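Analysis of the macromolecular model
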Amino acid sequence: MNSLKTFTLLAALTALFGGIGYLIGGAGGMMIALLLAGGMNLFSYWNADKLVLKMYRAQLVDETHPDPRVRAYVVDTFDMAQRAGMPRPRVAIIPGDQPNAFATGRNPETGVVCATEGLLGMLNREEVRGVMAHELAHIKNRDTLTMTVTATIAGAIAALANFAMFFGGSRDEEEGGGGLGLIGSLALMILAPMAAGLVQMAISRAREYEADRTGAEIAGDPQSLASALQKIDAYARGALNVPAERNPATAHMFIINPLNGRGADNLFSTHPATHNRIAALMKLPGVRAPSRPAVPSTPRAVSTGVPVTDAPPRNPGPWA
């Protein structure tokens, strides 16, 4: 159903793009807008992983890392990728207290999974496995490609809507009216990008549900992913993700909305509501409702109940 929903929404974007081109009637302007949007998104597609890793100051790590938590994180990610029949992704950690994670890369061969220091310091090993299985699912399902296609179409729609003000308005003056008109051009310029953005958000929400389901299969432990989602959603409210706040367009990449903890399944949300995601996971075999964690004033000071191991003083954590 999620795949069908994604296909339907992509078809809606394409239809919206064609409809705007028809209303404007300027084939030349439509082609220029498409080329500009396509060129920008093509550049982003081929360089997205490098740009995002640099933006979040991500550090690539491997099995030789001195922190036992990071070593376990890397080993578990490689193990799950092998079980899923995927190439080994690159693995990175991101500085910051907010517990969160994301994946990037244009295909499974160039995939990168990233976890914040806050996530590794708060979740137990099984929960981290569940989160990384979710990110591996994004790579396996080629969601980065899907979101690139939607970004290309949405960008072209925004460009066309801007051109409508010039091409549509000038054509009306030459033809003595009868076209879009000034009011119609203004409405198109405002409403078309908004509609494209709403469809883009809906596609992102659909892919999150699919990644939850596929991630639960990869990890073989839906309960741990459900528990991790509950904890991340609660704790993320008390920790600011500065790079995400500066670059809100990347918010859809994270497993939980990094901008705030008020996720909801509404038109303007890039993420499904966490309780809806947990409810969907609960329908899978072997999962029960996770207990709701208390939200502390200092997120990283709370233990998950797992015995604390010897960790570097800079970033103590509860498991190894």
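First things first, this report covers the structure right here in the doc. What you see is a predicted model; the values in this text were computed from it and never measured.

Packing of helix α8 (residues 222-235) against helix α10 (residues 274-282) leaves a shortest axis separation of 10 Å and a crossing angle of 170°. One element, α8, and the other, α10, form an angle in the roughly antiparallel class. From α8, Pro 222, Leu 225, Ala 226, Leu 229, Gln 230 and Asp 233 reach across to α10, where they touch Thr 274, Arg 277, Ile 278 and Leu 281.

Among the residues of α10, Thr 274, Arg 277, Ile 278 and Leu 281 are the ones counted as buried. Along the axis of α10, the buried residues cluster in a sector spanning 100°; they form a single face.

With that out of the way, let us pick up the pattern of salt bridges. Going through the model one piece at a time under the given rule, you end up with 12 salt bridges. Ionic pairing is found between Arg 90 and Asp 49, a salt bridge with its closest N-O pair at 3.0 Å. Separated by 41 residues along the polypeptide, Arg 90 in strand β2 (residues 90-94) and Asp 49 in helix α2 (residues 27-55) bring together distant segments of the chain. Between Arg 277 and Asp 212 there is a salt bridge, with its nearest N and O atoms 2.8 Å apart. Highlighted residues: Arg 277 in helix α10 and Asp 212 in helix α7 (residues 181-219), separated in sequence by 65 residues. Under the relative-accessibility criterion, Arg 277 is labelled buried at 0%. Here the salt bridges share partners, and the residues they tie into one network are Asp 76, Asp 79, Arg 125 and Arg 129.

Buried residues dominate strand β4 (residues 112-116), accounting for five of its five residues. The alternating pattern of β4 places Val 112, Cys 114 and Thr 116 and Val 113 and Ala 115 on opposite faces, both of which are buried. The pairing of β2 with β4 spans five bridges and is parallel. Of the residues in β4, the one forming a bridge with Ile 93 is Ala 115. As judged from the four bridges shared by strand β3 (residues 101-104) and β4, these two strands associate in the antiparallel manner. In the strand pairing of β4, Thr 104 is matched with Val 112.

Counting residues in hydrophobic clusters, the biggest one holds 41 residues, and the most contacted among them are Tyr 73, Leu 119, Val 131 and Met 132. In this structure Val 131 touches Ala 101, Leu 119, Leu 123, Leu 225, Ala 228, Ile 232 and Ile 255, once residues within four positions along its chain are discounted. Listed in part, the 11 residues of the second largest apolar core include Ala 92, Ile 94, Cys 114 and Ala 244.

Looking now at a nonpolar patch on the surface. Residues Ile 190, Leu 191 and Met 194 make up a contiguous nonpolar surface patch of roughly 310 Å² in combined accessible area. Among the structural elements, Met 194 can be located in helix α7. Met 194 gets classed as partly exposed once you look at its relative accessible area, which sits at 44%.

Thresholds applied
Residues numbered from 1 in each chain as written. Predicted model: local features only at pLDDT ≥ 70, side-chain atom pairs only at ≥ 80, totals over all residues. Heavy atoms only, no water. Axes fitted to C-alpha atoms, helices over the stretch in contact; angles between N-to-C directions. Helix = DSSP H or I, 4+ residues; strand = E, 2+ residues; numbered from the N terminus. Parallel < 35°, antiparallel > 145°, perpendicular 65-115°, else oblique. Contact = heavy atoms within 4.5 Å. Buried < 20%, exposed > 50% of the residue type's maximum accessible area, 1.4 Å probe, protein only. Arc of directions from axis to C-beta. Salt bridge = Lys/Arg side-chain N within 4 Å of Asp/Glu carboxyl O. Pairing = 2+ DSSP bridges. Core = buried A, V, L, I, M, F, W, Y, C linked by side-chain atoms within 4.5 Å. Patch = residues over 30% accessible without salt bridge, like charges linked within 9 Å, V, L, I, M, F, W, Y side chains within 5 Å. Areas by Shrake-Rupley, 256 points an atom, 1.4 Å probe, with all protein chains shown as cover.

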